[in-house]
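Residue-level listing of the chains:
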Amino acid sequence: MLAFQFQLHFAHVGPFHSPRFSPMGSAKSNGIGLRCGGVGGCKVMGKVIEGKLCWSDGARRGGREMGIGMRVLNGRSAASVVVNCGVTNADALVEEKVNVLVVGGGGREHALCYSLRRSPSAAHVFCAPGNAGISRSGDAFCIKDLNISDSSAVYNFCLKYQVGLVVVGPEAPLVAGLVNELTKAGIPTFGPSSQAAALEGSKNFMKGLCDKYGIPTAKYRTFTDASEAKQYVQEQGAPIVVKADGLAAGKGVVVAMTLNEAFEAIDSMLVKGAFGSAGCRVVIEEYLEGEEVSFFAIVDGQNAIPLESAQDHKRVGDGDTGPNTGGMGAYSPAPVLTGELQSVVMESIILPTVNGMAAEGCRFVGVLYAGLMIEKKSRLPKLIEYNVRFGDPECQALMMRLESDLVQVLLAACKGELKRVSLKWSPGSAMVVVMASNGYPGTYEKGSLIFNIAEAEDVSPSVKVFHAGTDLDSHGNFVAVGGRVLGVTTKGKDLREARDLAYHAVERIDWQGGFYRRDIGWRALPQKQTSA
């Protein structure tokens, strides 16, 4: 076993050059997780540096990670690379490494970076814009100043750094057509086209597809006039569900338990414009009683393979009380979704959707995230809504359990080759508990200090804290800058162990400006809720 550690400093105006080597003791990784190993040279950001590490785009020798963080040196941009490498097999050469770009900067994207970095097929993992926690963890090199709304800027970055796979995390770039542009330019991009992303971008579009292809869903009507919408609600009675037609960051759904709540939601969307253009049309649908569950499938345009199930917790308060949020926690697998029900979902919902989209000239490539209701009376699934990307926070739980090479899985989807893919999952369960800023999902505080995140991860090797909304202050301390800020994620031999680990880790984090639900997993573990 050859172990060594040193620090490289690079000062540059254009490409990286002129390394200076300086011996050092222990150092904390700050930034990119690059692979290293062997004897020869170390290729960083596409430039070869003479040294005692061997790493390249096409091949790498076995080893561990090193971090890279940008800073300013004598008025010029510079990089410090901290290397801590233990080579166990300097002769083992792994071919066909791929540089990966993850688009987005939340907890979902951090989880994707974490899984992609562990992929044997990954060379570099970049994340744009990323966040401070992703960068500090070493799970990806964050490109903060890359404008992900500018497809030409993303394309130029991919060319410059020889990116062989782009993974688009959030819905907005998908609906805006980023995948269209990159795919047209020949860059393998995992995610649907803007046309196919309408499954999430327009609830009316999704409902129409369900009608046409016999996909089970709640009965509904669509309105642009507030008076007509209220009249329909009056006829149907409460409880009833009011949804903004377009993208509303997971907050455009109101489960109205009374007629007045429904009327207020209609006025908020159609009259007051609470969600802008996303709420200029509303979908009003029947209230389904049962248990909600998330079902994910990876799709290559004609084939689909299911991911493991997960269950989200949308309401902000314990016992599923309070307003809807983007998600306050999740666990995987969800016991309510049995193997038999998974088959029903694939046959009655997922595959008819894939085939229907293809028939409409809108081939879907990416993740189909079906929000389902397992009805209380029939115990059969109905489709509540589609999302066209990995769920957040469900993705965090899923990526903790995935053991397959994620790069190869997503590339197979991009190439229409999912038939040859099977997925491997770790046994047991995973859970994520979301820590959010006080006031969320309404107006929330920003800038509060967060301490002891590393201590939370020290609870167990099975604990990982994913960052969704963090930044660094001038002293290098983490501060909260978002609504949902951290996702404390764990694995256990069963759901009880995963839950206990998660709340043990949460208790280690010192954050006066945040809160969390104390009952994640209560449906699967009703006999014992957490006391944290």
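This report concerns the structure included in the present document. Bear in mind the structure is a predicted one, so any value in this text is a computation, not a measurement.

Rules of the game
- Residues numbered from 1 in each chain as written.
- Predicted model: local features only at pLDDT ≥ 70, side-chain atom pairs only at ≥ 80, totals over all residues.
- Heavy atoms only, no water.
- Buried < 20%, exposed > 50% of the residue type's maximum accessible area, 1.4 Å probe, protein only.
- Helix = DSSP H or I, 4+ residues; strand = E, 2+ residues; numbered from the N terminus.
- Pairing = 2+ DSSP bridges.
- Salt bridge = Lys/Arg side-chain N within 4 Å of Asp/Glu carboxyl O.
- Phe/Tyr/Trp six-rings, centres within 6.5 Å; stacked < 30°, edge-to-face > 60°.
- Lys NZ or Arg CZ within 6 Å of the ring centre and 35° of its normal.
- Contact = heavy atoms within 4.5 Å.
- Polar contact = N/O pair within 3.5 Å; in protein donor to acceptor, adjacent residues only side chain to side chain.
- Disulfide = S-S within 2.5 Å.
- Expected span 1.5 Å × (residues − 1).
- Bend = angle between axes of the 7 residues up to and from the residue.
- Axes fitted to C-alpha atoms, helices over the stretch in contact; angles between N-to-C directions.
- Core = buried A, V, L, I, M, F, W, Y, C linked by side-chain atoms within 4.5 Å.

**Some thoughts on the pairing of strand 24 (residues 329-332)**
Judged by which residues are buried, strand 24 turns out to be covered on both faces: Gly-329 and Tyr-331 on one side and Ala-330 and Ser-332 on the other are all buried. With 2 bridges joining them, strand 21 (residues 311-312) and strand 24 adopt antiparallel strand pairing. Looking at strand 24, one finds that Asp-312 is bridged to Ala-330. Pairing geometry for strand 24 and strand 27 (residues 429-437), over 4 bridges, is antiparallel. Residue Ser-332 lies in a different strand from strand 27, and its bridge partner there is Ala-430.

**Thoughts on unusual backbone geometry**
Phi is mostly negative for residues that are not glycine, and the peptide bonds are mostly trans. A cis amide bond, omega 0 degrees, links Ala-128 with the succeeding residue Pro-129. Looking at the element boundaries, Pro-129 is found in strand 11 (residues 122-129). The amide bond that connects Tyr-440 to the next residue, Pro-441, takes the cis arrangement and shows omega of 10 degrees. Along the chain, Pro-441 turns up in the loop between strand 27 and strand 28 (449-450). Here Arg-379, not a glycine, exhibits a phi torsion of approximately 60 degrees, which is positive. With respect to the helices and strands, the residue Arg-379 is situated in the loop between strand 25 (365-375) and strand 26 (381-387). For Arg-379, a relative accessible area of 38% gives the class partly exposed. With a phi close to 70 degrees, Asn-452 is a non-glycine residue in the positive phi region. For Asn-452, the position within the fold is in the loop between strand 28 and helix 13 (453-457). The class of Asn-452 is partly exposed, set by a relative accessible area of 32%.

**Regarding the pattern of salt bridges**
By the definition in use, this model includes 24 salt bridges. Among the ionic pairs, Lys-184 bridges to Glu-181, the shortest N-O distance being 3.9 Å. Of this pair, Lys-184 and Glu-181 both sit in helix 5 (residues 178-184), 3 residues apart, roughly one helical turn. The class of Glu-181 is partly exposed, set by a relative accessible area of 38%. A salt bridge links Lys-376 to Glu-289; the nearest nitrogen and oxygen atoms lie 3.6 Å apart. One end of the pair, Lys-376, is in the loop between strand 25 and strand 26; the other, Glu-289, is in the loop between strand 18 (282-286) and strand 19 (290-300), with 87 residues separating them in the sequence. Classification of Lys-376 as exposed rests on a relative accessible area of 55%.

**Considerations on the packing of aromatic side chains**
For the coordinates displayed, the defined rule picks out 9 aromatic pairs. With a centroid separation of 5.3 Å and an interplanar angle of 90 degrees, the aromatic rings of Phe-126 and Phe-157 are classed as edge-to-face. Taken together, the residues Phe-126 in strand 11 and Phe-157 in helix 3 (residues 151-160) connect sequence positions 31 residues apart. Taken as a pair, Phe-126 and Phe-157 share a single burial class, namely buried. Directly above the ring of Tyr-516 sits Arg-518, whose terminal nitrogen or CZ lies 4.8 Å from the centroid.

**Overview of the environment of Gln-512**
Relative to the helices and strands, Gln-512 resides in the loop between helix 14 (495-508) and strand 33 (514-516). It is 9.0 Å that separates the C-alpha atoms of Gln-512 and Asn-438, two residues lying 74 residues apart in sequence. The contacts of Gln-512, once residues within four sequence positions are left out, are Asn-438 and Leu-449. Engagement of the side chain of Gln-512 in a polar contact is seen with the side chain of Asp-510, the distance being 3.1 Å.

**Some thoughts on the sheet that holds strand 12 (residues 141-142)**
Taking strand neighbours across the sheet as the criterion, the 5 strands line up as 12-11-10-13-14 in an open arrangement whose pairing is parallel. Where the open sheet ends on each side, the last strands, each with one partner, are strand 12 and strand 14 (189-190). Summarising the sheet, strand 10 (residues 98-104) and strand 11 pair through 6 bridges and their orientation is parallel. Counted as the bridge partner of Val-103 is Ala-128 from strand 11.

**Quick look at the state of the cysteines**
By definition, a disulfide links two cysteine residues through a covalent bond between their sulfur atoms. In this structure the tally under the stated criterion is 0 disulfides. Cysteine Cys-127 remains unbridged, with the sulfur of Cys-113 as its closest cysteine sulfur at 3.9 Å. With a relative accessible area of 0%, Cys-127 lands in the buried category.

**Some details on helix 10 (residues 339-359)**
Spanning 21 residues, helix 10 covers 28 Å between terminal C-alpha atoms, matching the ideal 30 Å at 1.5 Å per step. At Met-346, helix 10 shows its maximal bend, which comes to roughly 40 degrees. Here helix 10 has its buried residues at Leu-341, Gln-342, Val-345, Met-346, Ile-349, Ile-350, Pro-352, Thr-353, Val-354, Gly-356 and Met-357. Packed against the buried residues of helix 10 are helix 6 (198-201), helix 7 (203-213), strand 19, strand 20 (304-306), strand 25 and strand 26.

**Some remarks on the sheet that holds strand 17 (residues 253-256)**
Paired through backbone hydrogen bonds, the strands of a sheet run either parallel or antiparallel to each other. Strand order in the open sheet made by the 4 strands is 15-18-16-17, with antiparallel pairing throughout. This sheet does not close on itself; its edge strands, each paired only once, are strand 15 (220-223) and strand 17. Looking at each pair of strands side by side, their axes are set apart by 20 degrees on average, direction ignored. Pairing of strand 15 with strand 18 involves 4 bridges; the strand directions are antiparallel.

**A closer look at the nonpolar core**
Core analysis: the biggest nonpolar cluster contains 51 residues, and Leu-101, Val-166, Leu-199, Phe-295, Ile-350, Leu-383 and Tyr-386 have the highest contact counts within it. When residues of this core are assigned to their parent elements, the largest contribution, 7 residues, is made by helix 10. Apart from the residues lying within four places of it in its own chain, the contact partners of Ile-350 are Phe-295, Ala-297, Ala-304, Val-345, Leu-368, Ala-370 and Tyr-386. Among the nonpolar cores identified, the runner-up in size contains 45 residues, and Met-400, Leu-402, Val-421 and Ala-430 belong to it.

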